[in-house]
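Chains, contacts and geometry: an overview
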Amino acid sequence: MTTTAVTTKIGIRDVRKIFQVRDAGEPFVALDGVDLDVREGEFLALVGPSGCGKSTLLDLVAGLTAPTAGEIVIDGTPVTGPGLDRGIVFQQYALFPWRTAQANVEFGLEAKAVPRRERRERARHYLDLVGLTGFEERYPHELSGGMRQRVAIARSLAFDPDVLLMDEPFAALDAQTRESLQEELLRIWDKTGKTVIFITHGIDEAVYLGQRVAVMTSRPGTIKEVVEVTFDSRAGDLRADPAFGEYRHHVWTLLRDEVAAAQVQERKAATSRG
Amino acid sequence: MGDRRSAPATGIALSERAPQELPTDIDRREAPATPAPPAAVEPAAVGPVEPASVGPGERATAPAPRPSALARRARRLASRAVTKSGAILLLLAAWEVLPRVGVFDRVFVPPLSEDLVVWYGLLLDGPLPEHLRASLIRSLSGFGLAVALAIPLGLLIGWYRPVADALTPLLEVFRNTSPVALLPVFTLILGIGETSKITFVLYACSWPVLLNTVSGVKTVEPLLIRSARSMGLGPLRLFQKVILPAAVPAVFTGVRLAGAYSILVLLFAEMVGAKAGLGYLILDTQSSFRIPEMYAGIITISALGLLFNLLLLRIERRFSTWRTT
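Residues numbered from 1 in each chain as written. Chains lettered and ligands numbered in written order. Predicted model: local features only at pLDDT ≥ 70, side-chain atom pairs only at ≥ 80, totals over all residues. Heavy atoms only, no water.

As recorded by an unreviewed UniProt entry, chain A carries the name ABC transporter ATP-binding protein and is attributed to Nonomuraea rhodomycinica.

Take a look at the structure:
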C-alpha cells in the first residue's frame, strides 16, 4: 500500500508463522510472507478459505503468539505481547460465565486497574452503547447469542483500545441477528473511530463492513489482493446496490481458486491422517 | 470414568492449552457456545457410591408469578412432592406393616414405630447424643482437614504440569488402594484412638476433592484463558480471576462427595475398633441383641448423611448459580 496522507496503524511486515507439529515430521507453515498495512481508523475486512491462517494472523497481531519471521508493528512499535491497546472479540464470545454482563465488561478495566466507581460507570456506558441497558445483572447463560456478542464487544471497547480485532464474531449468529449487529458495529466504529480488523469467511459480510477487503490465499496464507470498497451512498439497502454485487463478485472470483486449493489440502490431510 | 481419572497424563496442560503451538486452531470449527461442565469425578476406591441427589436446577430468571399462576405452581409443587416422596413413604409403610403381619420376624425387624420410640428415648436420656457427638467430631475434622489439604494440592496439580507429572504415579497407586485396606495400617501407626480414625476419614475424603479440583482446573475453557491473556493478564492474575472461579463448581462437587464419604467410612472405622460413635453403637447393640436400638443407630446415621448432603448441596448451588446445567 502506498501511504498517502493516512498514517499506518498496524504494519504487518513479511510475517511467517510455522508450527512444529508434534508427531508429524514436516513443520506446518501457516503463514508465509504476509504483508499488510492497516490504516489509522480503518475498517479492514479479512477473508480467506478455511484453514488459511486468518486466525493465526489475528493472534499474531494480538500478541498471543510471536511470528517465526517478520514483524508486526503498531504505531511503529513492534508487538511483543498482548496488551490493552488491542481488544479481541471472539466468535464464541468468550464471556466469563460466572460474571454478570456488567462484571464481564469490567474485566478489562480491572486489568487496567481502573478505580471501582469509574469501572461501573464505564461498563454501563458501553453496555448502553451496544444497546444492553437493563441487562447489566444478567449472566451470560441468561442472554441470547446476539446479546452475548454485544457484551463481548462492549467488553473490548470498554478498556478503550485503539485497535479492535474481531475473529468471525458474527459467524455463530442467525442471519437476522447478524445483520443488525453488522449495522450496529458500523455505527459504533463510526462513533469511536477505532481501527478494526474483521475476520470473516462471508464475502457479503466483508464487502458490507470493510472499507477495504483483504483476500488471503490458501495455506500457507498470504495476502492475495486488497480490494478498496467505496460506495457513493450507503443509504437504503446497500446489498441491493449494483456496485455491491460487483465487489462481491470480484472478491468471490479471487477466493474461488483458493477455496478449491484449500479443499484439496484438507482432503489430503484427512487421508494421510486416516 | 477410567480415562478421566488418568487426566494428568492425557489432559491438557497450560503450555499446550495456549494456542500458539496448536495448528488445529487455525481452522477451528464452530464449538458449542457453552462448554459442558466437567462431570463429577468419583473415586471408586471407597465403598458405596453416593446416590446422585441433584434436584432440578432452578433457573435464576423466573418471571414474577401472578396469583393465579401461584396457585398453579403450588399444585405442581404438591404433586411433585408426592411423586418424590412416594417411594420413601412406601418403604416406611412396609417397614411398619410387614413385621406386624408376620412377613418379617418382629424380633429382627421391629416395626418402624417401635424403633422410633426407642430412638426418641435414646436421644432424650440415652447414650445417643454422646455417640452422635463422637462421630460428628471425627467425621467433621477428617472432612475439614481433607478439604483444607486437597483443594490447594488439587489446584497445584491442575495448574503446574511438573507437579502433576511428579505426583500422578503416586496418586494413582494410592487412589486405587481402598482406604478400608489401609485402616489396619493407620491403626498400627497411629493407635486405636481418635488420630487414626480422623486420619482414615481424612484419607478417604481427600480423593473426591482432589480429583474434582484437578479436573476443574484442567477443564477450564481454553478460550477464556486466551481471552484473559489477550487483555494482558499475567499468570497469577489469570489464575485468580479465571482458573479459580471457573473451577469452583467442580471443587464443590468434590466437597459434596467427600461429605458423604466422611460419614460412610467413619462408620466402618467405628465398627472395627471404638468405644463410642454411631458405628460402635450399631455393632454393639446388634451383638447384645438390643435390636430396636440398633435400628435407632441406623436411622440416626441415615438422617445425618442426608442432612449433611443437603447442606453441602445448598452451598454448592450457591457458588455455582452461573452454571447452566
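On we go from here.
Along its length, chain A carries seven helices and 10 strands. For 274 residues, the compact-globule formula gives about 19 Å, and the C-alpha radius of gyration of chain A, at 19 Å, lands near that figure. Based on the C-alpha atoms only, the size of chain A along its principal axes is roughly 55 × 50 × 45 Å. Sorting the 274 residues of chain A into buried and exposed places 54% on the buried side. For chain A, restricting intrachain contacts to residue pairs at least 6 apart in sequence, the fraction spanning at least 24 positions comes to 70%. Where the 34 positive side-chain charges of chain A centre and where its 40 negative ones centre are 5 Å apart. (Helix = DSSP H or I, 4+ residues; strand = E, 2+ residues; numbered from the N terminus. Rg over C-alpha atoms; globule rule 2.2 N^0.38 Å. Buried < 20%, exposed > 50% of the residue type's maximum accessible area, 1.4 Å probe, protein only. Contact = heavy atoms within 4.5 Å. Lys, Arg positive; Asp, Glu negative; His and termini not counted. Charge placed at Lys NZ, Arg CZ, Asp CG, Glu CD.)

Another point: the pairing of strand β7 (residues 163–167) of chain A. Residue and element names in this part refer to chain A. For β7, the buried fraction is high: five of the five residues fall into the buried class. The two faces of β7 match: Val163, Leu165 and Asp167 on one face and Leu164 and Met166 on the other face are all buried. Two elements, strand β6 (residues 86–89) and β7, share four bridges in a ladder whose sense is parallel. Across the sheet, Val89 pairs through a bridge with Met166, a residue of β7. Pairing of β7 with strand β8 (residues 195–200), which is carried by five bridges, proceeds in the parallel orientation. Across the sheet, the residue bridging to Leu164 is Val196, located in β8. (Pairing = 2+ DSSP bridges.)

A word on the sheet that holds strand β2 (residues 28–39) of chain A. Residue and element names in this part refer to chain A. Strands sit in the order β2-β1-β4-β5 across an open sheet of four strands; the sheet is antiparallel. Either end of the sheet is taken by a strand with one partner, and the two such strands are β2 and β5 (77–78). As defined by bridge partners, strand β1 (residues 8–19) adjoins β2 across eight bridges and the pair is classed as antiparallel. From the neighbouring strand, Lys17 faces β2, where its bridge partner is Leu31. Contacts from helix α1 (residues 54–62) reach β1, β2 and β4 (69–74), with the element oriented near 120° to β1. (Axes fitted to C-alpha atoms, helices over the stretch in contact; angles between N-to-C directions.)

Moving on: unusual backbone geometry. All names here are of chain A. Of the consecutive residues Arg219 and Pro220, the connecting peptide bond is found in the cis state with omega at -5°. Relative to the assigned elements, Pro220 resides in the loop between β9 (212–216) and β10 (223–228). With a phi angle near 55°, Ala94 is a residue other than glycine that sits in the positive phi range. Relative to the assigned elements, Ala94 resides in the loop between β6 and α2 (101–111). Among the residues examined, Ala94 registers a relative accessible area of 3% and is labelled buried. Not every positive phi belongs to a glycine, and Glu168 is a case in point at roughly 45°.

It is worth spelling out a nonpolar patch on the surface at this point. All names here are of chain B. Residues Val180, Phe268, Met271, Val272 and Leu283 make up a contiguous nonpolar surface patch of roughly 390 Å² in combined accessible area. Of all the elements, helix α11 (residues 235–272) adds the most residues to the nonpolar patch, at three residues. Taking the relative accessible area as the measure of exposure, Val272 reaches 57% and is therefore exposed. (Patch = residues over 30% accessible without salt bridge, like charges linked within 9 Å, V, L, I, M, F, W, Y side chains within 5 Å. Areas by Shrake-Rupley, 256 points an atom, 1.4 Å probe, with all protein chains shown as cover. Salt bridge = Lys/Arg side-chain N within 4 Å of Asp/Glu carboxyl O.)

With that out of the way, let us pick up a positive patch on the surface. Residue and element names in this part refer to chain B. On the surface, a cluster of positive charge is contributed by Arg72, Arg73, Arg75, Arg76, Arg80, Lys84, Arg314 and Arg317. For the positive patch, the secondary-structure elements that each account for two or more residues are α4 (67–101) and α13 (291–319). The class for Arg73 is partly exposed, based on a relative accessible area of 37%.

This next bit is on helix α5 (residues 112–125) of chain B. Residue and element names in this part refer to chain B. The end-to-end C-alpha separation of α5 is 20 Å, in line with the 20 Å expected for 14 residues at 1.5 Å each. Among all positions in α5, only Leu112, Asp115 and Leu122 are buried. The arc that holds every buried residue of α5, seen down its axis, measures 85°, which confines them to one face. Facing away from the buried surface of α5 by more than 90 degrees, the exposed residues are Val117, Leu124 and Asp125. (Expected span 1.5 Å × (residues − 1). Arc of directions from axis to C-beta.)

Our focus in this paragraph is the sheet that holds β7 of chain A. All names here are of chain A. What the six strands build is an open sheet, ordered β6-β7-β8-β3-β9-β10; its pairing is mixed. The open sheet is flanked by β6 and β10, the only strands paired with a single partner. Geometrically, the sheet is characterised by an average inter-axis angle of 15° between neighbouring strands, direction not taken into account. Strand contacts of helix α4 (residues 145–158): β6 and β7, with the helix running at about 175° to β6, the strand carrying the most contacts.

Further remarks concern α1 of chain A. Of all nine residues that make up α1 of chain A, nine are buried, and the element is covered over most of its length. Immediately downstream of α1 of chain A, the backbone of Gly63 of chain A shows phi near 85°, a positive value.

Right, let's talk about the side chain of Ser196 of chain B for a bit. Residues and elements named next belong to chain B. Note on placement: Ser196 falls in helix α9 (residues 194–218). Among the polar contacts listed, one links the side chain of Ser196 to the backbone oxygen of Gly191, at a separation of 2.9 Å. Not counting residues up to four positions away in its chain, the partners in contact with Ser196 are Phe186, Thr187, Leu190 and Gly191. (Polar contact = N/O pair within 3.5 Å; in protein donor to acceptor, adjacent residues only side chain to side chain.)

Let us look at the nonpolar core. Across soluble globular proteins, you tend to see nonpolar side chains buried next to one another. In terms of nonpolar packing, the biggest core is built from 148 residues, with Ile10, Ile12, Val213 and Val251 of chain A together with Val242 of chain B touching the most fellow members. Excluding residues within four positions of it along the chain, Ile10 of chain A makes contact with Leu36, Asp37, Val38, Val61, Ile72, Val73, Ile74, Val163, Thr195 and Ile197 of chain A. (Core = buried A, V, L, I, M, F, W, Y, C linked by side-chain atoms within 4.5 Å.)

Next up on the list: the side chain of Arg86 of chain A. For Arg86 of chain A, the position within the fold is in strand β6. In this structure the side chain of Arg86 of chain A is engaged in a polar contact, spanning 2.9 Å, whose partner is the backbone oxygen of Ala62 of chain A.

Before going further, it helps to examine the confidence of the model for chain B. Residue and element names in this part refer to chain B. When pLDDT is averaged along chain B, the result is 79, and 78% of the positions lie at 70 or above. Element-level mean pLDDT values for chain B span from 36 in helix α3 (residues 14–17) up to 93 in helix α6 (residues 128–159). Here residues 1–40 scores under 50 on pLDDT; set against residues more than four positions off or in separate chains, the count is 84 contacts. If you check the scores for this complex, the pTM reads 0.74 and the ipTM reads 0.85. (pLDDT = per-residue confidence, 0-100.)

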